[in-house]
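Residue-level listing of the chains:
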Amino acid sequence: MLRVGFGYDVHKFTKGRKLILGGVEIPHSRGLLGHSDGDALLHSICDAILGALAQGDIGKHFPDTDKKYKGISSMKLLPDVSKILKQEKAKLVNIDTTIVAEKPKLANYTDKMRKNISRTLKIGLDKISVKATTQNGLGFIGKGEGIASFAIVLLEKG
């Protein structure tokens, strides 16, 4: 049986934090505010996988009220989501994502993000798409106030 999951995450910029997307540190004057490292890309992927499995969302599994997740690298959350995949006897067919950010430009980092995701989820690089776009100056993202990420996954279950 095939299952589709959709994930979305958004974080606002803040000073004094590193910008981390897809487990990659990206040079920028600000990072993303969040209980963990604020990695909107990985959060949207986790939500998409959990949604396809009808297992809730990232907040259910890694609540921001739990101190053990304070400042945690989202690269450490992805293997836990992968364990849920295995428990549910499901495997990833593919992941398609889009990061929406006015700045910084992300095209030079998407291959490294894909490699991090591939290695962590133990799936082929050819099954992972990471794209980046802008809001053309519109809305809070267009004004440079934050970053959003969308992810969709296809799973095969059973």
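Residues numbered from 1 in each chain as written. Predicted model: local features only at pLDDT ≥ 70, side-chain atom pairs only at ≥ 80, totals over all residues. Heavy atoms only, no water.

**Quick word on the overall build of the chain**
- Along its length, the chain carries five helices and seven strands.
- Written out in order from the N terminus, the α and β elements of the chain read β-β-β-β-α-α-α-β-α-β-α-β.
- Expected size for 158 residues packed as a compact globule is a radius of gyration near 15 Å; at 15 Å, the chain falls within 12% of this value.
- By its C-alpha atoms, the chain is 45 × 35 × 25 Å across when sized along the principal axes. (Helix = DSSP H or I, 4+ residues; strand = E, 2+ residues; numbered from the N terminus. Rg over C-alpha atoms; globule rule 2.2 N^0.38 Å.)

**Quick word on the nonpolar core**
- Within the largest apolar cluster, 42 residues are counted, with the highest numbers of intra-cluster contacts made by L21, I45, I49, L92 and I117.
- Setting aside residues no more than four positions away along its own chain, I45 makes contact with L78, I95, T97, I117 and A151. (Core = buried A, V, L, I, M, F, W, Y, C linked by side-chain atoms within 4.5 Å. Buried < 20%, exposed > 50% of the residue type's maximum accessible area, 1.4 Å probe, protein only. Contact = heavy atoms within 4.5 Å.)

**Thoughts on the pattern of salt bridges**
- The final tally for this structure, using the stated rule, is six salt bridges.
- In this structure, D80 engages K83 in a salt bridge whose closest nitrogen and oxygen atoms are separated by 3.8 Å. Of the two residues, D80 and K83 both sit in helix α3 (residues 78-87), three residues apart, roughly one turn of that helix.
- Between K157 and E88 there is a salt bridge, with its nearest N and O atoms 3.1 Å apart. Note that K157 is positioned in strand β7 (residues 146-157) and E88 in the loop between α3 and β5 (90-100), a separation of 69 residues in sequence. (Salt bridge = Lys/Arg side-chain N within 4 Å of Asp/Glu carboxyl O.)

**A short note on the sheet that holds strand β4 (residues 31-32)**
- Spatial ordering of the open sheet is given by β4-β1-β7-β5-β6, a layout of five strands whose pairing is mixed. Only two strands of the sheet have a single neighbouring strand rather than two, namely β4 and β6 (128-133).
- Of the pairings in the sheet, the one linking β5 to β6 comprises six bridges and is parallel in character. Directly across from V100, in β6, lies its bridge partner T133.
- Its contacts with the sheet put helix α1 (residues 40-52) on β1 (2-14), β4, β5, β6 and β7, and the angle it makes with β1 is roughly 150°. (Pairing = 2+ DSSP bridges. Axes fitted to C-alpha atoms, helices over the stretch in contact; angles between N-to-C directions.)

**Here's the deal with the packing of aromatic side chains**
- Per the stated rule, a full pass over the model turns up three aromatic pairs.
- Where Y8 meets F150, the ring centres are 5.0 Å apart and the plane angle is 45°; that geometry is what we call tilted. Residue Y8 is located in strand β1, and its partner F150 is located in strand β7; the two are separated by 142 residues in the primary sequence.
- With a relative accessible area of 38%, Y8 lands in the partly exposed category.
- When the ring of F62 is compared with that of Y69, the centres are 5.4 Å apart and the planes differ by 85°; the resulting orientation is edge-to-face. The same class applies to F62 and to Y69, which are both buried.
- What links up through ring pairs into an aromatic cluster is the set F6, Y8 and F150. (Phe/Tyr/Trp six-rings, centres within 6.5 Å; stacked < 30°, edge-to-face > 60°.)

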